[in-house]
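Survey of secondary and tertiary structure
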Amino acid sequence: MNLTLKIWRQKGPQDKGQMVDYKVTDISEHMSFLEMMDVLNEQLINSGDEPVAFDHDCREGICGMCSMYINGEAHGPDRGVTTCQLHMRMFKDGDTITIEPFRAAAFPVIKDLVVDRMAFERIQQAGGYISINTSGNTQDGNAIPISKHAADEAMDAATCIGCGACVASCKNSSAMLFVGAKVSQYALLPQGQVEAADRVKNMVAQMDLEGFGNCTNTGACEIECPKGISLENIARMNREFLKANVKG
Amino acid sequence: MMALSAFFLMFFLLQHFAINILSVFSPNVFNEVSYFMGTNPLIQYVMQPVLLFGIVYHFVMGFILELKNRKAQTVKYAKNNGAANSTWVSRNMIYTGLFILLFMVFHFNDFWVPEIVDKFIEGNSQVGKDYHHHVVTMFENPVRIGVYVLAFVFLALHLLHGFNSAFQSVGANNKYTKGLKGFGKAYALLIPLGFIFIALFHHFNH
Ligand code: HEM
Ligand code: SF4
Ligand code: FES
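Here's a quick rundown of the structure. (Residues numbered from 1 in each chain as written. Chains lettered and ligands numbered in written order. Predicted model: local features only at pLDDT ≥ 70, side-chain atom pairs only at ≥ 80, totals over all residues. Heavy atoms only, no water.)

Re the coordination of the iron atom of ligand 1
All names here are of chain B. Keep this limit in mind: We call an atom a donor if it is N, O or S and sits within 2.8 Å of the metal, or 3.2 Å for Na, K and Ca. Water is not counted, so some sites may look partial. Note on geometry labels: four donors, all angles 85 to 135 degrees, give tetrahedral; four donors become square planar and six octahedral when opposite donors are over 155 degrees apart and every other angle is between 65 and 115; remaining cases are irregular. For the purposes of this entry, the term helix denotes a DSSP run of H or I that reaches at least four residues, the term strand denotes a run of E that reaches at least two, and both are numbered from the N terminus.
In the first shell of the iron atom of ligand 1, the protein supplies H58 (NE2) and H158 (NE2), at 2.0 to 2.1 Å from the metal. Bound by six donor atoms, the iron atom of ligand 1 shows angles of 88 to 180 degrees at the metal and therefore octahedral coordination geometry. With a gap of 100 residues between them, H58 in helix α3 (residues 41-71) and H158 in helix α7 (residues 142-169) connect regions that are remote in the sequence.

Structure, rendered in structure tokens:
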């Protein structure tokens, strides 16, 4: 199929940037979206132009790097997939596709479609861990009884790949689905209890410091999240946050 | 905090509705209850300031929240398909809220200001006052009816998102959430519809 692409080009963090139109031809419907981008870049390189910079790594939906805002939605129109898992069969011959970087004040553009998501890293460092003794006589995790229900919910929360689609989709650029998932995955398990109060307080404080907005429960993040992280995780974080602050 | 003040406002709304609906059934009972509400010191000097504070707090915090959230996204998307993942009411709380605020200025001017002037500035006795008559005369004007009906439509839109949003904000998302969603929808539609009914009733039935 033949497509028209409208892509955000920006030389560097300080550049103003603009949308530029490109044409690609003979795209197979079996290609992934990133393979289509590879075709475009090859074309650009052959004609001596600067290729479009975009993030990617695993190309199988587990690393969370491939941030693209496609036709007004994070990771494009399909549900439960990342951009690298998005098939070109979702589009029709002759379509015009708009491709932009994830937009949020806390995710500054580095170049073209590449944004800096270190803010997520700093939120993780603020509390997304448990402290354990690594002296060699660490307790076996399987020896601690955990209900099936809690284990399942914690596993679901832990499937968050930190891609940032939730922030990109949110009209407030709120990171609460991501932080909710990271808080929940520990809050649900006995190992996470000891540091639970400090964790939620520190992670929320870092989240605010990074300049993410506040959740107004529009639910856009849950719909666009490639891993199906549920809004229940935001409620759990709110609950943990209230609990931690009431206790002082 | 937004949610706590909102809970309070929703409770107040229910109470306000209960009294207003009396005006449909019985002018006398409505007058008696209004007299009680207008003269009881607990209501006048404790609940009234608390309510005023609740309203002001809610919209001031609403504005601050909106400003902060706008600051969190400085560059807008060239193409954004909001309808694909969220409802219109959830994205436009600030506008439905603003309309309610405008309406409240109008509404206070209709009922609250005359009442306060009569009571505290002119110092008139409130005994035997015909509140019902005041309501009926107010609602003779078709423009006023139009504004009231429109305001209640906006209120319904605001609550359609707000009711359940408030529960999510205080961390309540559990096995009752599904049932509560239905109840929230019913509340958000029935209460404003009820208010509309009262306004129209007095307009066509005097
Ligand atoms: C005075 C005019 C008002 C303004 C300017 C206003 C504005 C707002 C704003 C900006 C929000 C939060 C933003 C969002 O969720 O996107 C909100 C939430 C809410 N409002 Fe209002 N509002 C007003 C009146 C009312 C009234 C009279 C009620 C109920 C009787 C009400 C009930 C709610 C509820 C339940 C929420 C949800 C709280 C949450 O999600 O935590 N509002 N309002
Ligand atoms: S919650 Fe979902 S959308 Fe947000 S970072 Fe995690 S995987 Fe991505
Ligand atoms: S490239 Fe790893 S998730 Fe898409």
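Let's talk about unusual backbone geometry
Residues and elements named next belong to chain A. Definition in use: For every residue, the accessible area obtained with a 1.4 Å probe (protein chains only) is divided by the maximum for its type, and the residue is called buried under 20%, exposed over 50%, and partly exposed between those limits.
Positive phi, normally seen in glycine, also occurs at R59, with a value near 55 degrees. Tracing the backbone shows R59 in the loop between α1 (33-46) and β3 (69-70). On the accessibility criterion, R59 (30% relative accessible area) is partly exposed. Backbone geometry places N217, a non-glycine residue, at a positive phi of 55 degrees. Locating N217 in the fold gives a position in the loop between α6 (196-209) and α7 (220-224).

Side note on the interface of chain A and chain B
Condition: Contacts are assigned to residue pairs that have any heavy atoms within 4.5 Å of one another. By buried area we mean how much accessible surface two parts lose on assembly, using a 1.4 Å probe and totalling the loss over both. Any Lys or Arg side-chain nitrogen found within 4 Å of a carboxyl oxygen on Asp or Glu counts as a salt bridge. Contacts described as polar in this section are N or O atom pairs within 3.5 Å, which, within protein, must combine one atom able to donate a hydrogen with one able to accept it, while residues neighboring in sequence count only if both atoms come from side chains.
If you look at the interface, chain A gives 38 residues, while chain B gives 27 residues. In total, chain A and chain B occlude about 2500 Å² of area from one another, counting both sides; carbon and sulfur atoms represent 48% of this. The largest share of the area that chain A buries against chain B comes from R103(A), K171(A) and N217(A), three residues that together contribute 22% of it. Linking chain A with chain B are zero salt bridges, by the criterion used here. Across the contact surface, chain A and chain B share 20 residue pairs in polar contact (both at pLDDT 80 or more). For the side of chain A that touches chain B, the secondary-structure elements that each account for two or more residues are β5 (96-100), α4 (165-169), α7 and α8 (232-247) of chain A. Broken down by element, the residue count for the side of chain A that touches chain B peaks at six residues, all from α8(A).

As for the sheet that holds strand β2 (residues 18-24) of chain A
Residue and element names in this part refer to chain A. Our working definition: Paired strands, in this sense, are two strands between which DSSP finds at least two bridges.
In space, the five strands of this open sheet follow the order β2-β1-β5-β3-β4, with mixed pairing throughout. Across the chains shown, the open sheet's two edge strands, defined by having one partner strand only, are β2 and β4 (73-74). Bridge analysis of strand β1 (residues 3-9) against β5 gives four bridges, and the strand direction is parallel. Within the sheet, the bridge partner assigned to L5 lies in β5 and is I97.

Comments concerning helix α3 (residues 148-158) of chain A
Residues and elements named next belong to chain A. Applied cut-off: What the arc measures is the spread of directions leading from the helix axis to the C-beta atoms.
Buried residues of α3: A150, A154 and A157, and no others. Each buried residue of α3 sits inside an arc of 60 degrees when the element is viewed along its axis, so together they form one side. Across from the buried face of α3, at angles greater than 90 degrees, the exposed residues are K148, H149, M155 and D156. Residues of α3 that are buried in the fold lie against α5 (176-187) and α8.

Notes on the packing of α6(A) against α8(A)
Residues and elements named next belong to chain A. To keep it simple, the criterion reads: Helix axes are fitted only over the stretch in contact, all axes being lines through C-alpha atoms; the angle between N-to-C directions runs from 0 to 180 degrees. We call two directions roughly parallel when the angle between them is under 35 degrees, roughly antiparallel when it is over 145, roughly perpendicular when it lies between 65 and 115, and oblique otherwise. Less than a right angle of anticlockwise turn of the near helix away from the far helix marks a crossing as left-handed, whereas a clockwise turn marks it as right-handed.
At a closest axis distance of 9 Å, the pairing of α6 and α8 adopts a crossing angle of 110 degrees. Taken together, the axis directions place α6 and α8 in an arrangement best described as roughly perpendicular. The way α6 lies across α8 gives a crossing that is left-handed. Contact with α6, carried on its side by A196, A197, V200, K201 and V204, involves M237, E240, F241, A244 and N245 of α8 and no other residues of that element.

Treat this as a map of the structure, not an account of what it does.
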